[in-house]
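Architecture at a glance
Here are the chains, one letter per residue:
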Amino acid sequence: MNIMMHFSAIKHDFSPFLFEFPQFIVDKIGLEGIRYYGLSYVMGFLFAGFLLRVYYNKGRSGLNAEQQMNLITAIILGVVIGGRIGYMFLNQHALYCNKL
């Protein structure tokens, strides 16, 4: 049996949502649900904060608690703003090419 014939039968129908909200919540707050990649971002930021705290407690980091929070906040803002700017330039470039 040809391996490509085997994989051609696989159909991608995965939902990007880990949890979908009921329609009345969607109408009220405008959020459709919790997506896998959103949860992975949150888990990554929490894990980074946890590692900073562990490194500080073991004397491997010179950042105190306030500096750690400032760093994590700057990283979160950088990821969100950078992601939006990247999306705008990479996927919506037709809207901005005529205006530049």
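Residue positions are counted from 1 within each chain, in the order its sequence is given. The predicted nature of this model means local features are confined to residues of pLDDT at least 70 and side-chain atom pairs, given and counted, to a pLDDT of 80 or more, with totals for whole chains, interfaces and linings taken over all residues. Side-chain numbers here rest on the full set of heavy atoms in the structure, without hydrogens or water.

**Let's talk about helix α4 (residues 65–91)**
Basically, it comes down to this: Only DSSP runs of H or I reaching four residues or more are called helices, and only runs of E reaching two or more are called strands; each is numbered from the N terminus. Helix span, expected: 1.5 Å multiplied by one less than the number of residues in the helix. Here a polar contact is taken to be a pair of N or O atoms separated by no more than 3.5 Å, where protein atoms must pair a possible hydrogen donor with a possible acceptor and residues adjacent in sequence count only if both atoms sit in side chains.
For α4, with 27 residues, the first-to-last C-alpha span of 38 Å sits near the 39 Å given by 1.5 Å per residue. Of the residues flanking the start of α4, the one acting as N-cap is Asn64, its side-chain oxygen 3.2 Å from the backbone nitrogen of Glu66.

**Details of the confidence of the model for the protein chain**
Cut-off, in case you're wondering: Think of pLDDT as the predictor's per-residue confidence, scored from 0 to 100.
Taken residue by residue, the protein chain gives an average pLDDT of 85. The fraction at 70 or more is 81%. The weakest mean pLDDT in the protein chain belongs to helix α1 (residues 3–7) at 58; the strongest belongs to helix α3 (residues 36–57) at 94.

**Observations regarding the packing of aromatic side chains**
Going by this rule: Only centres within 6.5 Å qualify two rings of Phe, Tyr or Trp (six-membered ring in Trp) as a pair; their planes then separate them into stacked at under 30 degrees, edge-to-face at over 60, and tilted for everything else. Per-residue accessibility, obtained with a 1.4 Å probe over protein chains only, is compared with the maximum for each type, and a residue is labelled buried under 20%, exposed over 50%, and partly exposed between these values. We call a charge positioned over a ring when the NZ of a Lys or the CZ of an Arg lies within 6 Å of the ring centre and within 35 degrees of the ring normal.
Applying the stated criterion across every chain, the model contains 3 aromatic pairs. With 6.3 Å between their ring centres and 20° between their planes, Tyr41 and Phe45 make a pair best called stacked. Residue Tyr41 and its partner Phe45 are located together in helix α3, separated by 4 residues, close to a single helical turn. On the basis of relative accessibility, which here comes to 45%, the residue Tyr41 falls in the partly exposed class. Judged by its relative accessible area of 19%, Phe45 is buried. Arg60 extends its terminal NZ or CZ atom over the ring of Tyr55, reaching a point 5.0 Å from the ring centre. Taking the ring centre of Tyr87 as reference, the NZ or CZ of Arg84 above it sits at 5.3 Å.

**Some points on a nonpolar patch on the surface**
Inclusion rule: Patch criteria: residues need more than 30% relative accessible area and no salt bridge. Like-charged residues are merged within 9 Å; nonpolar side chains of Val, Leu, Ile, Met, Phe, Trp and Tyr are merged within 5 Å. A 1.4 Å probe and the Shrake-Rupley method give the accessible areas. Residues count as covered only by the protein chains that appear here. Between Lys or Arg on one side and Asp or Glu on the other, a salt bridge is scored when a side-chain nitrogen of the former is within 4 Å of a carboxyl oxygen of the latter.
The grouping of Leu18, Phe19, Ile34, Tyr36, Leu39, Val42, Met43 and Leu46 at the surface amounts to a nonpolar patch, some 770 Å² of accessible area in total. Residue assignment for the nonpolar patch shows that the elements contributing at least two residues are β1 (17–20) and α3. No other element matches the 5 residues that α3 contributes to the nonpolar patch. Along the chain, the position of Leu18 falls in strand β1.

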